[in-house]
Amino acid sequence: MNGTRLRLSNVEKSFGDRQVLSGIDLSVAPGEVICLIGASGSGKSTLLRCCNLLEPIDSGAIVLDGIDISAPGLDPDPHRRRIGMVFQSFNLFPHLSVLDNVAVGPRHVLGRPRTDARQRAIELLTRLGLDGHCDAFPDQLSGGQQQRVAIARSLAVDPDVLLLDEITSALDPELVGEVLDVVRTLKTSGMTMVMATHEMGFAREIADIVCFLHEGRILESGPPDVIFEQPTHDRTRAFLRRVLDAGRM
Amino acid sequence: MDTATSRERRLEYERRQRRRSTIIATASTVVVMAAVLVFVPMTPGWDKVRRSFFDREILIDTFPSLLKAFWLDVRIFLIAVPCISIIALGLALARNSRHPALFPLRATVAIYTDVFRGVPVILTIYLIGFGVPGLGLSRTWGQPIIWGTVALILAYSAYVSEVFRAGIESVHESQRAAARSLGMSSAQTMRIVVLPQAIRRVVPPLMNDFISLQKDVALVSLIGPVEILRRAGIEKSAAANFTPYVGAAIIFLAVTIPLTRTADHLMARQRRRTTGTAVA
Ligand SMILES: Nc1ncnc2c1ncn2[C@@H]1O[C@H](COP(=O)(O)OP(=O)(O)O)[C@@H](O)[C@H]1O
Ligand SMILES: [Mg+2]
């Protein structure tokens, strides 16, 4: 292993004439957890969507285990499978049961036999404490449960990297904890993660590296203690003060 | 106050309200019906109208032959519905494809739907039903009934493909993103995630289109085949009385009213489901 699982080099992205990401360089080692912080509209979601090739990038490269998966002409589907994504609004498939939501990946993406796929789904759901809800439909679950199902679904295709986009922002405060617990467990099990978050306390606890995004640039990055205690950039300080005032730390 | 009693009182209040609206509805219906039954027969032309439109004996005499002719409508309908569904789905998928190489296909489909939605069904039936047999086809393949049915299928495929397309577009982009992020191909995303949701949503409007189709099958009679409308015309001439048309209308209503009610019911259920809040 070369010490870098996922690397972004000089990634640029614009929507129309609006530049949303500029000169993004980011390196994620296996098992590392990167937290992206920054004001809303700073480009966190776009950065994650680009990593997962849901948005084409304008220039630069996204390299997964040494392969440039953003190269034009490359079939992105097999690589996309190796990068899982969990969304702010869960995006579960409403017409499928909880079990099928999780089994659909192993069944159709990994091509496993039906019974194996279901077995795998049951294992994952049990691990996340959801084995009692296999036959329920997503809209019968609480937000916290839905988000845990979404995490199980993305884990079911054995991703090498997990992208998490403000996965607790749509939740009632009392449901945030159960989802963050899952992320803690994932870190312990060695999952490589990049997560955009507004939960500064959690970022501080779980991140190996915190990146502060401002207007599509990574202004500052480093270990959480450094970013939260001695940020070098005025903008970072201003952002953290605002967050602190809002009582989110 | 005790919550149990307040709940009890609210239920009682709602029961009273429901009873009141039932009474009002029943009373107003009775009044209107009575007015119709009393005043219409008092009009000067009523007797003549009754004799030429509502002759009981003629109705009973011609009903069996109308029913028999209606069987042809039913058969045309049953052949048309699956053909339309398949063609329309194909058209919708073609129109929805994003691959640049498929631009000619998308353009062709767009023209097809514009043309067939823009021309009255009756004209399509005339043009295809008379035009194609005019090419000098063999006896079996030159029958107007075949080409009349084909015309219906082509016209309705255009309508129904738009319904499918709207259904496909109504599935939120984030569903696609979730499927693609799992590593599904775009074809798998369409088949496993988008289409099942889209089709569920379009069942009620689809049923409305098929109810219209059920009625438009009668237009095929204009190019020859003796289905119910033409049969009613023949019986009308024979009896010199319009009652067979009323008989035909009754037969149509017997089919379309239950279908319409079912469609409305499905539509209402869907609305409840999409606006109903999730159970926490
Ligand atoms: N599909 C899109 N089309 C146009 N502009 C977009 C699109 N997605 C995001 N943007 C813009 O890009 C900027 C960054 O958005 P986003 O990545 O969602 O920020 P964040 O997740 O940090 O709140 C915003 O100004 C947003 O309006
Ligand atoms: Mg965002």
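Please read these numbers as outputs of a predicted model, since none were measured by experiment.

Basis of the calculations
Residues numbered from 1 in each chain as written. Chains lettered and ligands numbered in written order. Predicted model: local features only at pLDDT ≥ 70, side-chain atom pairs only at ≥ 80, totals over all residues. Heavy atoms only, no water. Contact = heavy atoms within 4.5 Å. Buried area = accessible area lost by both parts, 1.4 Å probe. Helix = DSSP H or I, 4+ residues; strand = E, 2+ residues; numbered from the N terminus. Nonpolar A, V, L, I, M, F, W, Y, C, P; charged D, E, K, R; others polar. Domains from an automatic or database assignment. Phe/Tyr/Trp six-rings, centres within 6.5 Å; stacked < 30°, edge-to-face > 60°. Buried < 20%, exposed > 50% of the residue type's maximum accessible area, 1.4 Å probe, protein only. Pairing = 2+ DSSP bridges. Axes fitted to C-alpha atoms, helices over the stretch in contact; angles between N-to-C directions. pLDDT = per-residue confidence, 0-100. Parallel < 35°, antiparallel > 145°, perpendicular 65-115°, else oblique. Left-handed = near helix turned anticlockwise from the far one by under 90°. Core = buried A, V, L, I, M, F, W, Y, C linked by side-chain atoms within 4.5 Å.

Q: Would you explain the interface of chain A and chain B in this entry?
A: The parts lose accessible area when they come together, and the size of an interface is often stated as this lost area. Chain A puts 24 residues into the contact, and the matching count from chain B is 21 residues. Contact with chain B buries area across many residues of chain A, yet Phe93, His95 and His108 of chain A alone supply 30% of it, more than any other trio. Mapped by element, the contributors of at least two residues to the side of chain A that touches chain B are helix H2 (77–81), strand E6 (83–86), helix H3 (98–108) and helix H5 (143–155) of chain A. In terms of residue class, the side of chain A that touches chain B is made up of 11 nonpolar, seven polar and six charged.

Q: How do you make sense of the domain arrangement of chain B when you look at a structure like this?
A: When its domains are assigned, chain B resolves into domain 1 (1–42) and domain 2 (47–275). The gap between the C-alpha centroids of domain 1 of chain B and domain 2 of chain B is 39 Å.

Q: Would you mind showing me how to read the packing of aromatic side chains here?
A: The relation between two aromatic rings is expressed through the spacing of the ring centres and the mutual angle of the planes. Residue and element names in this part refer to chain B. This structure, assessed with the given rule, holds eight aromatic pairs over all chains. An angle of 40° between the planes, with centres 4.7 Å apart, marks the rings of Tyr112 and Phe116 as tilted. In this pair, Tyr112 and Phe116 both sit in helix H4 (residues 103–118), four residues apart, roughly one turn of the helix. Look at Phe116 and you get buried, because its relative accessible area is 15%.

Q: What exactly am I supposed to notice about the sheet that holds strand E7 (residues 161–165) of chain A here?
A: All names here are of chain A. Strand order across the open sheet formed by six strands is E6-E7-E8-E3-E9-E10, with mixed pairing between neighbours. Looking along the sheet, the strands with just one partner apiece sit at the ends: E6 and strand E10 (217–222). Strand-to-strand twist in this sheet, taken as the mean axis angle between neighbours without regard to direction, amounts to 20°. Pairing geometry for strand E3 (residues 33–37) and strand E8 (residues 192–196), over four bridges, is parallel. Bridge pairing links Cys35 to Met195 in E8. The sheet strands contacting helix H9 (residues 234–245) are E3, strand E9 (209–214) and E10, and the helix crosses E9 at an angle near 95°.

Q: Help me understand the confidence of the model for chain B, please; the structure alone is not making it clear to me.
A: Low pLDDT means the predicted coordinates in that region are not meant to be read closely. Residue and element names in this part refer to chain B. Across chain B, pLDDT averages 88, with 96% of residues at or above 70. By mean pLDDT, the top-scoring element of chain B is helix H7 (residues 173–181) (96), and the lowest-scoring one is helix H10 (residues 243–275) (84). Across residues 276–280, confidence stays below pLDDT 50; counting only partners more than four residues off in sequence or on other chains, it has four contacts. Across the interfaces of the predicted complex, the ipTM metric reaches 0.92, alongside a pTM of 0.84.

Q: Looking at this structure, how should I read the packing of H4 of chain B against helix H6 (residues 144–170) of chain B?
A: Two measures define how a pair of helices packs: the angle their axes make with one another and the distance between the axes. All names here are of chain B. Between H4 and H6, the shortest axis-to-axis distance is 8 Å and the interhelical angle comes to 115°. It follows that H4 is roughly perpendicular to H6 by the angle criterion. The two elements H4 and H6 meet at a crossing, and its hand is left-handed. Contacts from Tyr112, Thr113, Phe116 and Arg117 in H4 reach Leu154, Ala155, Ser157, Ala158, Tyr159, Ser161 and Glu162 in H6. When its residues are assigned to classes, the contact of H4 with H6 shows six nonpolar, three polar and two charged.

Q: How should I be thinking about the nonpolar core in this particular structure?
A: One recurring pattern in soluble globular proteins is that nonpolar side chains are buried together. Residues and elements named next belong to chain A. Counting 51 residues, the largest nonpolar core has Leu125 and Ile151 as the members making the most contacts within it. Ranked by residue count, the leading element in this core is helix H6 (residues 173–188), at seven residues. Ignoring any residue separated from it by four or fewer positions in sequence, one finds Ile151 in contact with Val86, Leu128, Ile167, Val179, Val182 and Leu186.

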